[in-house]
Amino acid sequence: MKRILYFLPLLLFTYCTRELPAEPTGLVTENAMVVSARREASEIGVEIMKKGGNVFDAMVATELSLAVAYPFAGNLGGGGFMVYRKSNGEVGSIDYREKAPLAAHRDMYLDSLGNVIPGLSTSGGTAVGVPGTVAGVLEVHKKFGKLPLDEIMEPIIALARKGVVVTEKQAKRLEGTRKRFIEANSDSTKFATVYKAGDTIKYPALATTLEKIMNEGHDGFYKGEVAQKIAAYVQAKGGVITEEDLARYEAKWRTPIVFDYKDIKIISMGPPSSGGMTMDQIFTMIAPYDIASYGHNSTRAIQLFTEASRRAYADRNHYLGDPDFVDIPYTGLMDVDYLKGRMADFTFDRATPSAEVGHGTVEIVESSETTHYSIIDAEGNAISATTTLNGGYGSKLYIDALGFFLNNEMDDFSTKPGVPNMFGLPGSEANSIAPEKRMLSSMSPTIVERDGQLYMVVGTPGGSTIITAVAQTILNVHEFNLSMQDAVNAPRFHHQWMPDVVVFEPEGFPLETIETLKAKGYQINEGRTRIIGKVDAIRVLEDGRLEGGADKRGDDTAAGY
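This one's a predicted model, so the numbers in the text were calculated from it and none came from an experiment.

Draft legend 1. How the structure looks around the overall build of the protein. What the protein contains, in helices and strands, is 18 helices and 21 strands. Taken over the C-alpha trace, the protein has a radius of gyration of 23 Å; the compact-globule value for 561 residues is 24 Å, and the two agree within 12%. Over its C-alpha atoms, taken along the principal directions, the protein stretches across nearly 85 × 60 × 40 Å. Counting over 561 residues, the protein shows a buried share of 60%. Of the contacts formed within the protein by residues at least 6 apart in sequence, a portion of 74% connects residues at least 24 apart. Accessible surface, the protein: about 21,000 Å² in total, of which carbon and sulfur atoms supply 52%. The positive charge centre, built from 57 side chains, and the negative charge centre, built from 72, are 2 Å apart in the protein.

Draft legend 2. Inspection of helix H18 (residues 511-519) at higher detail. Within H18, burial applies to Thr513, Ile514 and Leu517. Down the axis of H18, the smallest arc covering the buried residues is 95°, so these residues share one side. For H18, exposure combined with an orientation more than 90 degrees from the buried face picks out Leu511, Glu512 and Ala519. At its buried positions, H18 is contacted by helix H13 (299-319), strand E17 (502-504) and strand E18 (524-525). Where H18 ends, the next residue or the one after it, Gly521, has phi of about 100°, a positive value.

Draft legend 3. Inspection of the sheet that holds strand E19 (residues 536-540) at higher detail. With antiparallel pairing, the 7 strands of this open sheet are ordered in space as E1-E20-E19-E15-E14-E9-E8. Only two strands of the sheet have a single partner each, and these edge strands are strand E1 (28-29) and strand E8 (257-261). For E19 and strand E20 (residues 546-550), the ladder comprises 5 bridges, and the chain directions are antiparallel. Looking across to E20, one finds that Ile538 is bridged to Gly548.

Draft legend 4. Representation of the side chain of Asp245 in the model. The topology assignment puts Asp245 in helix H10 (residues 243-248). Setting aside chain neighbours within four positions, we find Asp245 in contact with Pro101, Leu102, Val130 and Val240.

Draft legend 5. Representation of the sheet that holds strand E2 (residues 33-36). Sheet architecture is open: 7 strands sit in the order E7-E4-E3-E11-E10-E2-E21, paired in antiparallel fashion. The two strands at the open ends of the sheet, each matched to only one other strand, are strand E7 (252-254) and strand E21 (557-560). Neighbour-to-neighbour, the strand axes of the sheet open up by a mean angle of 15°, direction not taken into account. Contacting E2, strand E10 (370-376) and E21, helix H2 (residues 39-50) crosses the sheet at an angle of about 160° to E2.

Draft legend 6. The arrangement of the nonpolar core in detail. Counting 83 residues, the largest nonpolar core has Leu76, Met82, Ile230 and Ile383 as the members making the most contacts within it. By residue number, the principal contributor to this core is helix H3 (residues 55-69), which donates 11 residues. Leave out the neighbours within four places in its chain, and Met82 touches Phe56, Met59, Gly92, Ser93, Ile94, Tyr96, Val140, Met269, Ile383, Ser384, Ala385 and Pro445. Counting 77 residues, the second largest nonpolar core, distinct from the first, contains Ile266, Ala469, Phe480 and Ala550.

Draft legend 7. Layout of the UniProt feature "binding site: L-glutamate" (unreviewed entry) in the protein. In the UniProt entry, the feature "binding site: L-glutamate" (unreviewed entry) is given for Arg97, Thr388, Leu389, Asn390, Asp412, Ser441, Ser442 and Gly463. In three dimensions, the annotated residues from a span of 367 residues occupy one location, with a maximal C-alpha spread of 14.4 Å. Mapping Asn390 onto the fold places it in the loop between strand E11 (382-388) and strand E12 (398-399). Residue classification places Asn390 among the buried positions, given a relative accessible area of 2%. One polar contact links the side chain of Asn390 to the main-chain carbonyl oxygen of Asn408, over a distance of 3.0 Å. Relative to the helices and strands, Ser441 is located in the loop between strand E13 (404-405) and strand E14 (446-450). The class of Ser441 is buried, set by a relative accessible area of 1%.

Draft legend 8. Main features of the pattern of salt bridges. Overall, the coordinates contain 34 salt bridges when judged by the stated rule. The partner of Asp412 in a salt bridge is Arg97, with the nearest N and O atoms 2.9 Å apart. With Asp412 in the loop between E13 and E14 and Arg97 in the loop between strand E4 (91-96) and helix H4 (133-144), this pair connects stretches of sequence that are 315 residues apart. Like Asp412, the residue Arg97 is buried in the burial classification. Among the salt bridges present, the one from Arg161 reaches Glu211, with a minimum N-O distance of 3.2 Å. Within this pair, whereas Arg161 is found in helix H5 (residues 149-162), its partner Glu211 is found in helix H7 (residues 204-216), the two being separated by 50 residues in sequence. Three or more residues joined by partner-sharing salt bridges are found here, namely Asp95, Lys252, Arg254, Asp322, Asp324 and Arg438.

Parameters at a glance
Residues numbered from 1 in each chain as written. Predicted model: local features only at pLDDT ≥ 70, side-chain atom pairs only at ≥ 80, totals over all residues. Heavy atoms only, no water. Helix = DSSP H or I, 4+ residues; strand = E, 2+ residues; numbered from the N terminus. Rg over C-alpha atoms; globule rule 2.2 N^0.38 Å. Buried < 20%, exposed > 50% of the residue type's maximum accessible area, 1.4 Å probe, protein only. Contact = heavy atoms within 4.5 Å. Areas by Shrake-Rupley, 256 points an atom, 1.4 Å probe, with all protein chains shown as cover. Lys, Arg positive; Asp, Glu negative; His and termini not counted. Charge placed at Lys NZ, Arg CZ, Asp CG, Glu CD. Arc of directions from axis to C-beta. Pairing = 2+ DSSP bridges. Axes fitted to C-alpha atoms, helices over the stretch in contact; angles between N-to-C directions. Core = buried A, V, L, I, M, F, W, Y, C linked by side-chain atoms within 4.5 Å. UniProt positions renumbered as here; feature names shortened; annotations may be inferred. Polar contact = N/O pair within 3.5 Å; in protein donor to acceptor, adjacent residues only side chain to side chain. Salt bridge = Lys/Arg side-chain N within 4 Å of Asp/Glu carboxyl O.

Here it is in structure tokens:
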């Protein structure tokens, strides 16, 4: 008995030491925080909360500030998703994804022989979906906002008039896209100008558009002068959006996808986002394994996550689309026994070739130029929001008279359903084009609870890599005990079923790990790859303080008080 008692304190000490959460390495604040792609947007969101605004007021402020400070992906001419959790535990989500115009149809990007016409869905007026961002933020403010809209929007309008200083990264992006701006618009367009780091870009036309929204609300954008100019511009560039398309647009409240992973609860976006369901499948498939014991980014951890992702993305590509148009087998896809069966042939000895994994469609072609922001207010309310123009600067169409870029979101539909691709697999019927349908997305704004309390707010841009980047960030904190900032900084990898290749962030993984995976039959993308996401996240510490994780791969910044 004495011997047992002697060892008990040592066991307790060992257990407690192992379970101690990681010390924060990112910005820590006492009350509230915003983490977004630009310092200006984060700071305006924080100032709104300091004035007595809640997390939803701060969402409106941050989203619209990103349209000014980060036109690469922040927008009035795009759309997105937001997931929320109130301090009382109530959860919900809003879908302000773009829609196909009324004149859109399933074969609109095919020639007379049924072949896809290159570029038609990615550039010019034919690529533009009906924008949802303005409807989304105004609907959020109408339902949950505390402060008057003018109090939220005045500092954003002031920012647009004062201008935003160009960063090194922004200057590089603008220079790299300048030729395409001129091709899409003309050499007199605003972004035909060469902007260098340190220059200030002012947006007087955007300020005027924002004033109309502030004064006239939804109709200030979707009807009247602004709507007329959008429709006329798109049609002049070959597109089919009409004033009726804009007048009919409404954001839609949806039920989020909620599931458990071991001792945490994950709340994420449901269709037409594929994020929540695909993550549910990934987490359910890895749950029976003690992934923490394998070690962070170890060969076994990478194998397990890759094989679960392979199977989840195959289902994602085949079954998911706009739930207003497609019957999605939610129960079957998230059934534990079904997912256990999906992993029945998994072994650590070798890769499972994607050709042996059933379901699925063409390789996901989804642009990575999105932006995400996470917010928690002083009352403990939280939102996670991801917004996009699709490609960087969207369709490259810039309405100089209104001061913003238009999306090229129509490319996220299946442009040619039912026809075998280079892998011999049929295109996804669930994501085919139809009038007023929303295109499938990987955007995955996500909130995590632990023991019934708010634990993390997380999300990222990154196209089809969004889902794996968000899931890995959650695992980095919860399973591998990294701080929020370290979890965001950690190198990431990705697999999406097709193409059957594991993509590794450059210089992030030991050569020995990659060689071991190759020996097991994994196809590795060994060339330089694009950055896998820019995660912006917040962790709630045990004492209630907040730790930000702002991705250093961009100009992303955490701010708070």
